[in-house]
Amino acid sequence: MRHKTDILDVAARKLAPYMFVFGLYLVTYGDLSPGGGFQGGVVIASGIILLAIAKSVDAVEELIPLRRFAVAETTTFGLLLAVGIGGIVAGAGFLADFIGRGAIGPLPAARFVYALNILIGAKVAAGASLICMHLFGEER
Amino acid sequence: MKRAVEIAAAAVVAVFLILALAGDHPTESPIREYIVAHGVDDTGAVNLVASIYLGYRAFDTLGETIVLLIAVSGVMFLVKRSKPPADRDGDL
Amino acid sequence: MNSVALLVVLPFVGSLMGLAGKLARAPRFFSIAAVLPLVPMAGLLAMSLPAVRAGSVISYAMGGWPEPIGIVLHLDGLAWLSSVLIVVIAVAVCVASFCRTGYGSSFFFFLMILISGMQMVVLTGDIFTLFVSFEIVALAAYVLIAYDQTDAGLLASLKYLILSTVGILFFLFGVFLIYRDFGTLSLATIRTLASERGGPADGLTVTRSIHFAVAALCVGIGVRTAFIPFHTWLPEAHAYAPHPVSAILSGVVIKVSFLAMIRIVWTLSAGYLNELLLWIGAITSILAVIWALAQSDTKRLLAYHSISQMGYVLAAIGAATATSLTAGFSHAVNHALFKSLLFLVAGTAIRMTGERDLFRAPAIGRHSPILAAAFLVGALSISGIPPFNGFASKQLVGTALGGSPAYLLLRITAVGTMASFIKVSRIVVPVFRLSPRRVATPASIDPLVTGAVAPAGTLILFPAIFLALLCLLSGLFAPSLAAFYSDLLAPAALRQGSPVAIAVAQPGGLASLYKSAKLIETAIVIVAGWLLYRLVLTPPGKRIAGSIKRIAPELRTVLLYFVVGLGLFALFAYV
């Protein structure tokens, strides 16, 4: 990162929080409006990647250690499997909706879809930023 | 000569794609009708795309997340260990 | 609900263990935990045998959504046999992998993902899930091929990555065409719709694009199965992968994708492809054996033989006679057994001597007689010598092909196979070291004499003995096994829309297998193989071998091969 300007630095730092919020919105409203875990996760990851490009990988690593991303990736994979197996335990089949549905209101009605969206969003955000951080790290 | 062969190959693929895509195709799909009619009731998700990929076809989605997981761990594994392992048992 | 889903979920749980081991830094414990799910999988398969044998299909609706809305797994005879094959080879490969301390728990993570991907390919009744599972298998395979981080391994992995991505794009295109015309992704529903429309034989525009869809799907799967002209990635990928990975790639990965292709051809009643498959199979087997004969790298030679033996399977299926599925399937099973055995033992020999070149490698026979014996069992099996299993299934393939002219090519292939296994056996027994090169290796620098040969380790003996025993037993009980296979396959083939009814092979006992005519034919093959072997070692033979060995098509040429293959399949579909 040789040609760094203050404009890039400031803009990235101002922009990244909005990207995180927008990503979170996409993930959490995935069951109601266009969006979902994959899309929202990628938006969150692009916020992290923006910081990594504008500042440096080390700066991001100071904020959140890379190992934590790896742990998040593994944990969410485990939780996804656990949700799937939960369906088997409940007798409805692998990856079946065993949580049930709530009423339309302030809380999400499609709890199962909502839970999966959150898990996938976390997994994609962690995974996509992990790949990029490792590849950026390789360049140094 | 080489160029001519390559252009011919590209032409073959193009003709294949055009022929495969040409023609009339049915527009009705029983599955789509079912999902439009029952999707919200079945899964509770108002967004029908979510009801498909996290409801009816959640298994495919799990598969796709696993694809991502392998990609991540593959990159981590191959990038991290730039040092060759100690016992390479005489492979090239 | 039944427990079919566990066949897919258990290896995923195992892979999670492998991943956890990487983070928890207790690799040994988690490595073992990662492979343990293979045990309940074997138990599940054993428990479901009676139902499957009775001809019933055990279906499992993922998430409780029935076909065609959701994804349904089907365990029928075909899937059961393939699943058992995967588990057997996987167990052998896992034990062999523990023999080397270099593999951490992340190795087992990728291995278990590969296994569950294959289980998904075998079980799924949905064409898009098939695509996803092919991707899972391929991605796990890329990493595993490059796992040792050798230059050749990384290059082979990259080549495989590029080519199979091109292939899978064609597959995805085919899936799109099918979904557009049938409006469903479930194979069973597609089958019903296709037969309602009178099959793709009637001349509607809709069905014409289905022909092209079949061609595109066949190209996509062809790259994974590696028959000519899609074979170019396989020799490198299988030769430079870590040894246990070579065993599982050659043993089951290529076969599983081929089974998926048979199912698609049946489902879309694309029987017109049979003639093409028959000839591609015959040509694949003979060309690959010529390449194999020219190789001097032990694992490359074995890899070319994988292509060649898949040619047998392809030709048998393409023959589309009453015994052809049984013949093709028995040969696929037998090839899985002996080829993983050969790769495991050859890999161990390479590890012991540190030499891949079979002319320069010292024979390990004196050092580890058990491994040498196991290797010879594998070599005799693949060369079709009684009483080992290769003999039985090659005879069955002969029955399936009948008097087809393609069988002539397979007979020549048998001679080539014999010759190249006389050649490769020199890595275990010094008996075959009659070549002039022997003079060039004085005893003083022979690693065996100087003691440079590393010990084999005891753990590798278990899979070697296990697989060698299976080779022998499946040869001895070949007639009853063939009857068992066709028992299982017949209802599955019928359900999946096979155009030819599978005749249940009657167990005729060993006497029917060892007819004098067949034994004489085998004797001729042995003699001809020996002559060919001597011929290859003569100076002109070596020159020819050298020039064949140097043929290494560039990437753009390989992509041209793909186009030729696509054109062939499309042409057969269109005419």
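In short, a report on the structure. (Residues numbered from 1 in each chain as written. Chains lettered and ligands numbered in written order. Predicted model: local features only at pLDDT ≥ 70, side-chain atom pairs only at ≥ 80, totals over all residues. Heavy atoms only, no water.)

1. Some words on the overall build of chain A
The helix and strand tally for chain A stands at 5 helices and 0 strands. With the C-alpha coordinates aligned to their principal axes, the bounding extent of chain A is approximately 60 × 30 × 20 Å. The proportion of buried residues among the 140 residues of chain A is 46%. Restricting the contact set of chain A to residue pairs at least 6 apart, pairs at least 24 apart contribute 65%. When the accessible surface of chain A is summed, it comes to about 7100 Å², and 69% of that surface belongs to carbon and sulfur atoms. (Helix = DSSP H or I, 4+ residues; strand = E, 2+ residues; numbered from the N terminus. Buried < 20%, exposed > 50% of the residue type's maximum accessible area, 1.4 Å probe, protein only. Contact = heavy atoms within 4.5 Å. Areas by Shrake-Rupley, 256 points an atom, 1.4 Å probe, with all protein chains shown as cover.)

2. Quick look at a nonpolar patch on the surface
On the surface, Phe22(A), Tyr25(A), Tyr29(A), Leu32(A), Val40(B) and Val46(B) cluster together into a nonpolar patch covering about 540 Å² of accessible area. The topology assignment puts Tyr29(A) in the loop between helix 1 (6–28) and helix 2 (37–54). Judged by relative accessible area, Tyr29(A) falls into the partly exposed class, the value being 42%. (Patch = residues over 30% accessible without salt bridge, like charges linked within 9 Å, V, L, I, M, F, W, Y side chains within 5 Å. Salt bridge = Lys/Arg side-chain N within 4 Å of Asp/Glu carboxyl O.)

3. Details of the environment of Asp42(B)
For Asp42(B), the position within the fold is in helix 2 (residues 30–43). Note: C-alpha distance between Asp42(B) and Tyr56(B) (14 residues apart in sequence) is 9.0 Å. Asp42(B) has contacts with Arg101(A), Tyr34(B), Tyr56(B) and Trp65(C), leaving out every residue within four places of it along the chain.

4. Overview of a positive patch on the surface
A cluster of basic side chains, namely Arg67(A), Lys80(B), Lys22(C) and Arg25(C), defines a positive patch on the protein surface. Following the sequence through the fold, Arg67(A) ends up in helix 4 (residues 66–89). (Lys, Arg positive; Asp, Glu negative; His and termini not counted. Charge placed at Lys NZ, Arg CZ, Asp CG, Glu CD.)

5. Section: the interface of chain B and chain C
The interface of chain B with chain C comprises 45 residues on the first partner and 65 residues on the second. Summed over both partners, the interface of chain B with chain C buries about 4900 Å², with 69% contributed by carbon and sulfur atoms. With a shortest N-O distance of 2.7 Å, Arg57(B) and Asp126(C) are connected by a salt bridge. Linking chain B with chain C are 7 residue pairs in polar contact (both at pLDDT 80 or more). Listing elements by their share of the side of chain B that touches chain C, those giving two or more residues are helix 1 (2–21), helix 2, helix 3 (48–56) and helix 4 (58–80) of chain B. The dominant element in the side of chain B that touches chain C, judged by the number of residues it contributes, is helix 4 of chain B, at 12 residues. Here the side of chain B that touches chain C is built from residues that sort into 23 nonpolar, 9 polar and 13 charged. (Buried area = accessible area lost by both parts, 1.4 Å probe. Polar contact = N/O pair within 3.5 Å; in protein donor to acceptor, adjacent residues only side chain to side chain. Nonpolar A, V, L, I, M, F, W, Y, C, P; charged D, E, K, R; others polar.)

6. So, the layout of surface pockets
By volume, the largest pocket amounts to about 520 Å³. Lining the largest pocket are 19 residues, with Met76(B), Lys80(B), Lys22(C), Leu23(C) and Arg25(C) sitting closest to its centre. Taken together, the elements giving at least two residues each to the lining of the largest pocket come down to helix 4 and helix 5 (111–139) of chain A, helix 4 of chain B together with helix 1 (6–24) and helix 5 (105–123) of chain C. Of the residues contributing to the lining of the largest pocket, the split by class is 8 nonpolar, 6 polar and 5 charged. (1 Å grid on protein atoms, 1.4 Å probe; cavity = no way out; pocket = protein on both sides within 12 Å on 5 of 7 lines; lining within 4 Å. Points joined across faces, edges and corners; volume = space filled by probe spheres on them.)

7. Some remarks on the interface of chain C and chain A
Contact with chain C, which involves 16 residues of that partner, is made by 15 residues of chain A. Carbon and sulfur atoms make up 76% of the area that chain C and chain A hide from each other, which totals about 1200 Å². The interface formed by chain C and chain A holds 0 salt bridges in total. One can count 3 residue pairs in polar contact (both at pLDDT 80 or more) joining chain C with chain A. Residues of the side of chain C that touches chain A, tallied by class, amount to 12 nonpolar, 3 polar and 1 charged.

8. Let's talk about the pattern of salt bridges
Following the criterion strictly, the structure yields 16 salt bridges over all chains and no others. For Glu6(B), the salt bridge goes to Arg556(C), with nearest N and O atoms at 2.9 Å. With Glu6(B) in helix 1 and Arg556(C) in helix 25 (residues 555–574), this pair bridges two chains. A residue is classified by how much of its surface remains accessible, and Glu6(B), at 23% relative accessible area, is partly exposed. A cluster of three or more residues bridged by salt bridges with shared partners is formed by Asp9(A), Arg13(A) and Lys55(A).

9. Some words on the nonpolar core
Within the largest apolar cluster, 267 residues are counted, with the highest numbers of intra-cluster contacts made by Phe94(A), Phe59(B), Ile115(C), Met118(C), Phe171(C), Ile248(C) and Phe569(C). Apart from the residues within four sequence positions on either side, Phe569(C) is in contact with Ala215(C), Cys218(C), Phe227(C), Phe230(C), Leu273(C), Leu276(C), Leu277(C) and Ile280(C). (Core = buried A, V, L, I, M, F, W, Y, C linked by side-chain atoms within 4.5 Å.)

10. Quick word on the environment of Val57(C)
Residue and element names in this part refer to chain C. Its location among the elements puts Val-57 in the loop between helix 3 (38–53) and strand 1 (58–61). Note: C-alpha distance between Val-57 and Val-13 (44 residues apart in sequence) is 25 Å. Once you skip the residues sitting within four places of it in the chain, Val-57 turns out to touch His-74, Leu-75, Asp-76 and Arg-495.

11. Re the packing of aromatic side chains
Each aromatic ring pair is characterised by the separation of its centres together with the angle its planes make. Under the defined criterion, the tally for this structure stands at 31 aromatic pairs over all chains. Here Phe38(A) and Tyr53(B) contribute two aromatic rings whose centre-to-centre distance is 6.2 Å and whose plane-to-plane angle is 45°, an arrangement assigned as tilted. Here Tyr53(B) lies in helix 3 and Phe38(A) lies in helix 2, a pairing that spans two chains. Classification of Tyr53(B) as buried rests on a relative accessible area of 13%. Seen in terms of ring centroids, Phe77(B) and Tyr147(C) are 4.4 Å apart; in terms of plane orientation they differ by 15°. Their pairing is stacked. In this pair, Phe77(B) is assigned in helix 4 and Tyr147(C) in the loop between helix 6 (127–145) and helix 7 (151–182), connecting two distinct chains. Of the two residues, Phe77(B) and Tyr147(C), neither departs from the other in class, the shared state being buried. Ring pairs connect the aromatic residues Phe77(B), Phe98(C), Tyr103(C), Phe107(C), Phe108(C), Phe109(C), Phe110(C) and Tyr147(C), which therefore count as one cluster. (Phe/Tyr/Trp six-rings, centres within 6.5 Å; stacked < 30°, edge-to-face > 60°.)

12. Observations regarding helix 4 of chain B
Along its 23 residues, helix 4 of chain B runs 32 Å from first to last C-alpha, staying within 8% of the 33 Å computed at 1.5 Å per residue. The element helix 4 of chain B is extensively covered by neighbouring structure, given that 18 of its 23 residues are classed as buried. (Expected span 1.5 Å × (residues − 1).)

13. Quick look at the packing of helix 4 of chain B against helix 6 of chain C
Running from amino to carboxyl end, helix 4 of chain B crosses helix 6 of chain C at an angle of 15°, the nearest separation of the two axes being 9 Å. Considering their axes alone, helix 4 of chain B and helix 6 of chain C lie roughly parallel with respect to each other. As helix 4 of chain B runs across helix 6 of chain C, the sense of the crossing is left-handed. Contacts between helix 4 of chain B and helix 6 of chain C involve Phe59(B), Asp60(B), Gly63(B), Glu64(B), Ile66(B), Val67(B), Ile70(B), Gly74(B) and Phe77(B) from the former and Phe128(C), Thr129(C), Phe131(C), Val132(C), Glu135(C), Ile136(C), Leu139(C), Ala140(C) and Val143(C) from the latter. Among the residues forming the contact of helix 4 of chain B with helix 6 of chain C, the class breakdown is 12 nonpolar, 3 polar and 3 charged. (Axes fitted to C-alpha atoms, helices over the stretch in contact; angles between N-to-C directions. Parallel < 35°, antiparallel > 145°, perpendicular 65-115°, else oblique. Left-handed = near helix turned anticlockwise from the far one by under 90°.)

14. Observations concerning the packing of helix 11 (residues 243–267) of chain C against helix 14 (residues 324–353) of chain C
Residues and elements named next belong to chain C. It is the contact of helix 11 with helix 14, at a shortest axis distance of 6 Å, that shows an interaxial angle of 165°. Judged on the interaxial angle alone, helix 14 and helix 11 are roughly antiparallel. In this structure, the crossing between helix 11 and helix 14 has a hand that is right-handed. Mapping the contact onto sequence places His-243, Pro-244, Ser-246, Ala-247, Ser-250, Gly-251, Lys-255, Leu-259 and Trp-266 in helix 11 and Leu-325, Phe-329, Ala-332, His-335, Ala-336, Lys-339, Ser-340, Phe-343, Leu-344, Gly-347 and Ile-350 in helix 14. Class assignment of the residues belonging to the contact of helix 11 with helix 14 gives a composition of 11 nonpolar, 7 polar and 2 charged.

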